[in-house]
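Listed here are the chains, written in short residue letters.
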Amino acid sequence: MIVGNRWMRLVDNSLFKEAQVATTIGEEILINFTPMETRVAIIENGMPQEIYVERTSKRGIVGNIYKGKVVRVLPGMQAAFVEIGLDKAAFIHVDEVVCKANSIDERNKSSIAHLLREGQSLLVQVTKDPIGTKGARLTTHISIPSRYLVYMHNSSHVGISQRIENVAERERLKNTLLSTLEEGDIEKGGYILRTVAEGASEVELKSDIRFLKRLWKSIEKEIKNVTAPHVVYEDMPLNMRALRDMAHGGIERIRIDSRETFNKAEDFTRSLVPELIDRLEYYPGERPIFDLYNVEEEMQRALGRKIDLKSGGYLIIDQTEAMTTVDVNTGGFVGHRNLEETIFKTNLEAATSIGRQLRLRNLGGIIIIDFIDMESQDHQRQVLRALERVLEKDHAKCKVMGVSQLGLVEMTRKRTRESLEHILCEECSQCHSRGFVKTAETVCYEIFREILRQHRAYDTDSYLVLASAAVVEYVTDEASNHLAELETFINKVIQFKVDSHYGPEHFDVVLR
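Residues numbered from 1 in each chain as written. Predicted model: local features only at pLDDT ≥ 70, side-chain atom pairs only at ≥ 80, totals over all residues. Heavy atoms only, no water.

**With respect to the confidence of the model for the protein chain**
It should be kept in mind that the predicted coordinates are not to be read in detail where pLDDT is low.
Logical step 1: Within the protein chain, residue pLDDT values average 85, and 91% of them lie at 70 or more.
Logical step 2: The low-confidence segment residues 1-24, where pLDDT is below 50, has 24 contacts with residues more than four positions distant or belonging to other chains. (pLDDT = per-residue confidence, 0-100. Contact = heavy atoms within 4.5 Å.)

Encoded structure:
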């Protein structure tokens, strides 16, 4: 009855009616804030496309700048380990130490042993969070982003995002930036115009330059006052990064469900991105903000291996430490004309779904896609092009290598932060991430073999076996004859007892 009443209130609630209409809206950002964690969802055409989670107890460190201490130099790997104050020393490769202005030959000849020494202090920035057993990845090429620009301390280059394709706009932006910079600014650092800078005015670029100059001066002051290892600059929390990095001219609304976070967002946008102020919206609705577009449901689906396609086909996505594999299957889709048409339509739908799942799950590194084999070269090209089109919207850098001789599509996606699965889940204590456990029959026979070992090694009157309910049930039912034969063979009593603390593969043989 309570559920029914609550449903009636939601139906009558204007915010709920608004949410139903909102499915026609183009692109939105939803920010869900609690003291424990912040979650951000990017919505396109009523569907969640990207989900970010940052927990207060475990904030990401990508973008943070540290005064580190070199603890080990590895000439054979052309790399070094740097202590920055984390549990594990961070890793830096020689390419991230040498000057990028050097020629390729000069960089290839550089030796890490000549550039770094143990005990040396080093200013570094985190480019990748610690992932799994790997420590953080570092660079000495420091860069600090603002709304429209990225300031590069060790460079004198002025560049423009490749995502800005209009030639005239690229030229206008570069000329505007160069005319805005004061004499000597280029010698003190370079700048890159970000994608959101498209259409930015001279006043907006000047404001960003002043902000970056003030920020860098404060960092320089901090560097002088601390000893390594120590953090000298921390990137903004997720809710503010969403406004700085994810919001653009095409965003129609930015909804925030926390009044305090909304007030901070207002102050931030008013000073840095005033054009977004009218798009900010405080959401006080009774219905959770992530329920507006089924974000919670999509998060749960993104943690599973199987993704169903509307046609009846499905994807199987397996994430390992080395790579991610995606297998496409026709499933229940039988088509209307012939097998080739069925396969082609399934692969086209799969390509769109795969691009979205990579963004939702934040999968990075090497990705291997096993589309259903297609005989037509034209069909292969169309499927590949469909995949490339959907990846064009991805904020992470993607590179599709094409179809291999085995018919597999090989691609890479830049990985900077942990995937959604690694943030929300942990290794299974029962199967240890294998994805399967031994059957009760297998464990039963292992117990019998262990009893035989104990019988040969020790003199005892009887045995007590502690195991899970499934194993004990199998032994006393289907394997009861084998148990009786074993008792006769060793001439001792064997008792089984269920222990609720034991997993399906765990057991103990107690001598009595």
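**Here we look at the side chain of Thr-139**
Logical step 1: Secondary-structure assignment places Thr-139 in strand β8 (residues 137-139).
Logical step 2: Among the residues examined, Thr-139 registers a relative accessible area of 4% and is labelled buried.
Logical step 3: If we ignore the near neighbours within four places in the chain, the residues touching Thr-139 are Ile-92, Glu-96, Leu-123, Val-124, Gln-125 and Thr-127. (Helix = DSSP H or I, 4+ residues; strand = E, 2+ residues; numbered from the N terminus. Buried < 20%, exposed > 50% of the residue type's maximum accessible area, 1.4 Å probe, protein only.)

**Things to note about the environment of Lys-393**
Logical step 1: Residue position: Lys-393 is located in the loop between α11 (377-391) and β20 (398-403).
Logical step 2: Placed 199 residues apart in sequence, Lys-393 and Arg-194 show a C-alpha to C-alpha distance of 15 Å.
Logical step 3: Excluding residues that lie within four positions of it along the chain, Lys-393 makes contacts with Glu-44, Glu-50 and Arg-359.

**A closer look at the pattern of salt bridges**
Logical step 1: Across all of its chains, the model carries 28 salt bridges by this definition.
Logical step 2: In this structure, Glu-341 and Lys-345 form a salt bridge, with 3.3 Å as the shortest nitrogen-oxygen distance. In this pair, Glu-341 and Lys-345 are both assigned in helix α10 (residues 339-361), four residues apart and thus about one turn of the helix distant.
Logical step 3: You can call Lys-345 partly exposed: its relative accessible area is 39%.
Logical step 4: Ionic pairing is found between Glu-392 and Arg-385, a salt bridge with its closest N-O pair at 3.3 Å.
Logical step 5: For Glu-392, a relative accessible area of 46% translates into the label partly exposed. (Salt bridge = Lys/Arg side-chain N within 4 Å of Asp/Glu carboxyl O.)

**Quick notes on a negative patch on the surface**
Logical step 1: A contiguous patch of negative charge on the surface is contributed by Glu-441, Glu-473, Asp-477 and Glu-478.
Logical step 2: Within the secondary structure, Glu-473 sits in helix α14 (residues 469-476).
Logical step 3: Overall, Glu-473 belongs to the exposed group, its relative accessible area being 55%. (Patch = residues over 30% accessible without salt bridge, like charges linked within 9 Å, V, L, I, M, F, W, Y side chains within 5 Å. Areas by Shrake-Rupley, 256 points an atom, 1.4 Å probe, with all protein chains shown as cover. Lys, Arg positive; Asp, Glu negative; His and termini not counted. Charge placed at Lys NZ, Arg CZ, Asp CG, Glu CD.)

**Focus on the packing of aromatic side chains**
Logical step 1: Applying the stated criterion across every chain, the model contains four aromatic pairs.
Logical step 2: Measuring from centroid to centroid gives 5.7 Å for Phe-81 and Phe-91, while their planes differ by 70 degrees, and the two rings are edge-to-face. Placement of the pair is Phe-81 in strand β5 (residues 79-83) and Phe-91 in strand β6 (residues 90-93), with a sequence separation of 10 residues.
Logical step 3: Look at Phe-81 and you get partly exposed, because its relative accessible area is 25%.
Logical step 4: With a centroid separation of 6.0 Å and 45 degrees between ring planes, the pair formed by Phe-262 and Tyr-282 is classed as tilted. Here Phe-262 is found in helix α8 (residues 259-272), whereas its partner Tyr-282 is found in strand β15 (residues 280-282), with 20 residues between them in sequence.
Logical step 5: Using a relative accessible area of 27% as the deciding quantity, one classes Tyr-282 as partly exposed.
Logical step 6: By the ring-pair criterion, three or more aromatic residues cluster together here, those being Tyr-151, Tyr-191 and Trp-216. (Phe/Tyr/Trp six-rings, centres within 6.5 Å; stacked < 30°, edge-to-face > 60°.)

**Focus: the packing of helix α13 (residues 440-457) against helix α15 (residues 480-490)**
Logical step 1: In contact at an axis separation of 12 Å, α13 and α15 are set at 5 degrees when each is read in the N-to-C sense. In this view, α13 runs roughly parallel relative to α15, as classed from their interaxial angle. Residues Tyr-445, Phe-448, Ile-451, Leu-452 and His-455 of α13 lie in contact with α15, whose contacting residues are His-482, Leu-483, Leu-486, Phe-489 and Ile-490.
Logical step 2: By residue class, the composition of the contact of α13 with α15 is eight nonpolar, two polar and no charged. (Axes fitted to C-alpha atoms, helices over the stretch in contact; angles between N-to-C directions. Parallel < 35°, antiparallel > 145°, perpendicular 65-115°, else oblique. Nonpolar A, V, L, I, M, F, W, Y, C, P; charged D, E, K, R; others polar.)

**Remarks on the pairing of strand β18 (residues 323-329)**
Logical step 1: The side-chain alternation of β18 yields one buried face, formed by Thr-324, Val-326 and Val-328, and one unburied face, formed by Met-323, Thr-325, Asp-327 and Asn-329.
Logical step 2: Across six bridges, the pairing between strand β17 (residues 314-319) and β18 is antiparallel. Pairing of Tyr-314 across the sheet is with Asn-329, part of β18.
Logical step 3: The turn linking β17 back onto β18 is made up of three residues.
Logical step 4: Inspection of the sheet shows β18 paired to strand β19 (residues 365-370) by five bridges, in the parallel sense. Within β19, the residue paired with Val-326 across the bridge is Ile-369. (Pairing = 2+ DSSP bridges.)

**Let's talk about the side chain of Arg-147**
Logical step 1: In this fold, Arg-147 is placed in the loop between β9 (143-145) and β10 (149-152).
Logical step 2: For Arg-147, a relative accessible area of 2% translates into the label buried.
Logical step 3: At 2.6 Å, the side chain of Arg-147 and the backbone oxygen of Ala-247 are in polar contact.
Logical step 4: In this structure, Arg-147 is in contact with Arg-194, Val-196, Asp-208, Leu-243, Arg-244, Ala-247, His-248, Leu-272, Val-273, Glu-275 and Leu-276, ignoring residues within four places of it in sequence. (Polar contact = N/O pair within 3.5 Å; in protein donor to acceptor, adjacent residues only side chain to side chain.)

**Structural notes on the sheet that holds strand β23 (residues 493-498)**
Hydrogen bonding along the main chain pairs the strands of a sheet, whether they run parallel or antiparallel.
Logical step 1: Reading across from one edge, β23-β22-β24 is the order of the three strands in this open sheet, with mixed pairing throughout. At either margin of the open sheet sits one strand with a lone partner, and together these are β23 and β24 (507-511). Across this sheet, the average inter-strand angle for adjacent strands is 20 degrees, counted without regard to direction.
Logical step 2: Of the strand pairs in this sheet, strand β22 (residues 462-467) and β23 are connected by six bridges, and their pairing is parallel. Paired with Ser-462 across the two strands is Val-493, which belongs to β23.
Logical step 3: Those strands touched by α13 are β22, β23 and β24, and its axis lies near 25 degrees from that of β24.
Logical step 4: On top of the sheet, α15 reaches β22 and β23; it is set at about 140 degrees to β23, its chief contact.

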